[in-house]
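# Residue-level structural notes
Listed below are the residues making up each chain.
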Amino acid sequence: MPYGLPYVARGQRIGLLGGSFDPPHAGHVHITKEALKRFDLDQIWWLVSPGNPLKDRGPAKLARRMAAAREIMDHPRVHICDFESHVGTRYTAETLAVLQDTCLQARFVWLMGADNLAQFHRWKDWQDIMARVPVGVLARPGDRIEARTAKAAQVFRRAQLHPRNSRALSRQDAPVWAFVNVPMQDISSTQLRKNGSWPKG
């Protein structure tokens, strides 16, 4: 596969977890393993981005974040990718368009947390993202209110699967999304940067 992407058999269901991973942590690992089960995925790719257009502060160097991601996420069906840096995309909608053109045999699912869903309408071409791929949202128990009141959830309310059908998400045609509650670890990249666990470098 080009751009260092892993092999994909025809029809494989690939979850995409994008972010700066600055730094990657146990919470990322946890939701990744949950997503594999909850959405019946064959693989998950961590798309480690060069930067986040919604954040003023730039992340640590990409090579450092990639190395840390590979160290913490050790699973045969999870792959760490720097696809966006190879193809020069900056926004998720652009990245998905290139991925779909590159991997015609794959069925992609975009993965996000409830916090991202709450501000998803601020993403560039967010409705195009919903129209392109199924979206799987993972959240702490109790975050359902945040998901229900999100603009994206309201606009696409008719496209939401019932939680008991979440394993069928990856086989559905977009627009479709599912919201599942998973026990979350109380950890964030922001906390790790603030407490000095991820010193600048």
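Cut-offs applied
Residues numbered from 1 in each chain as written. Predicted model: local features only at pLDDT ≥ 70, side-chain atom pairs only at ≥ 80, totals over all residues. Heavy atoms only, no water. Buried < 20%, exposed > 50% of the residue type's maximum accessible area, 1.4 Å probe, protein only. Helix = DSSP H or I, 4+ residues; strand = E, 2+ residues; numbered from the N terminus. Arc of directions from axis to C-beta. Contact = heavy atoms within 4.5 Å. Pairing = 2+ DSSP bridges. Core = buried A, V, L, I, M, F, W, Y, C linked by side-chain atoms within 4.5 Å. Phe/Tyr/Trp six-rings, centres within 6.5 Å; stacked < 30°, edge-to-face > 60°. Lys NZ or Arg CZ within 6 Å of the ring centre and 35° of its normal.

## Details of helix H2 (residues 62-72)
Side chains that are three or four residues apart share a direction in an α-helix, a result of its 3.6 residues per turn. Taken together, the buried positions of H2 are occupied by Arg 65, Met 66, Ala 68 and Ala 69. One face of H2 carries all of its buried residues, which in axial projection span an arc of 165 degrees. Exposed positions of H2 whose direction lies more than 90 degrees from the buried face are Ala 63 and Glu 71. On its buried side, H2 packs onto strand E2 (43-48) and strand E3 (78-81).

## Some remarks on the pairing of strand E5 (residues 135-139)
In summary, the side chains of a regular strand alternate between the two faces of the sheet. Across the five residues that make up E5, a large majority, five, are buried. In E5, alternate side chains face the same way, and those of Val 135, Val 137 and Ala 139 on one face and Gly 136 and Leu 138 on the other are all buried. Bridging between strand E4 (residues 107-113) and E5 involves four bridges; their strand directions are parallel. Across the sheet, residue Trp 110 finds its bridge partner in E5, namely Val 135. Of the strand pairs in this sheet, E5 and strand E6 (residues 177-181) are connected by five bridges, and their pairing is parallel. Of the residues in E6, the one forming a bridge with Ala 139 is Asn 181.

## Focus: the nonpolar core
Counting residues in hydrophobic clusters, the biggest one holds 35 residues, and the most contacted among them are Leu 16, Trp 45, Phe 108, Trp 110 and Trp 177. Non-local contacts of Trp 110, meaning those with residues more than four positions away in its chain, are made with Leu 16, Gly 18, Leu 47, Thr 92, Leu 96, Trp 123, Val 133, Pro 134, Val 135 and Gly 136. Counting 25 residues, the second largest nonpolar core, distinct from the first, contains Phe 21, Ile 44, Val 48 and Val 176.

## Describing unusual backbone geometry
Cis geometry is found at the peptide bond from Asp 22 to Pro 23, where omega equals 5 degrees. In this structure, Pro 23 sits in the loop between strand E1 (13-19) and helix H1 (26-38). A cis amide bond, omega 0 degrees, links Ala 174 with the succeeding residue Pro 175. In this fold, Pro 175 is placed in the loop between helix H8 (151-155) and E6.

## Points about the packing of aromatic side chains
Tallied over the full model, the rule gives six aromatic pairs. Ring geometry for Trp 110 versus Trp 123: centroids 6.4 Å apart, planes at 85 degrees, classification edge-to-face. In this pair, Trp 110 is assigned in strand E4 and Trp 123 in the loop between helix H5 (114-118) and helix H6 (126-132), connecting sequence segments 13 residues apart. Accessibility expressed as a relative area gives 5% for Trp 110, which makes it buried. Ring-pair connections join several aromatic residues into one group, and the members of that group are Trp 110, Phe 120, Trp 123, Trp 126 and Phe 156. The positively charged end of Lys 124 is found above the aromatic ring belonging to Tyr 91, 5.6 Å away from the centroid.

Nothing here speaks to function; it is geometry throughout.
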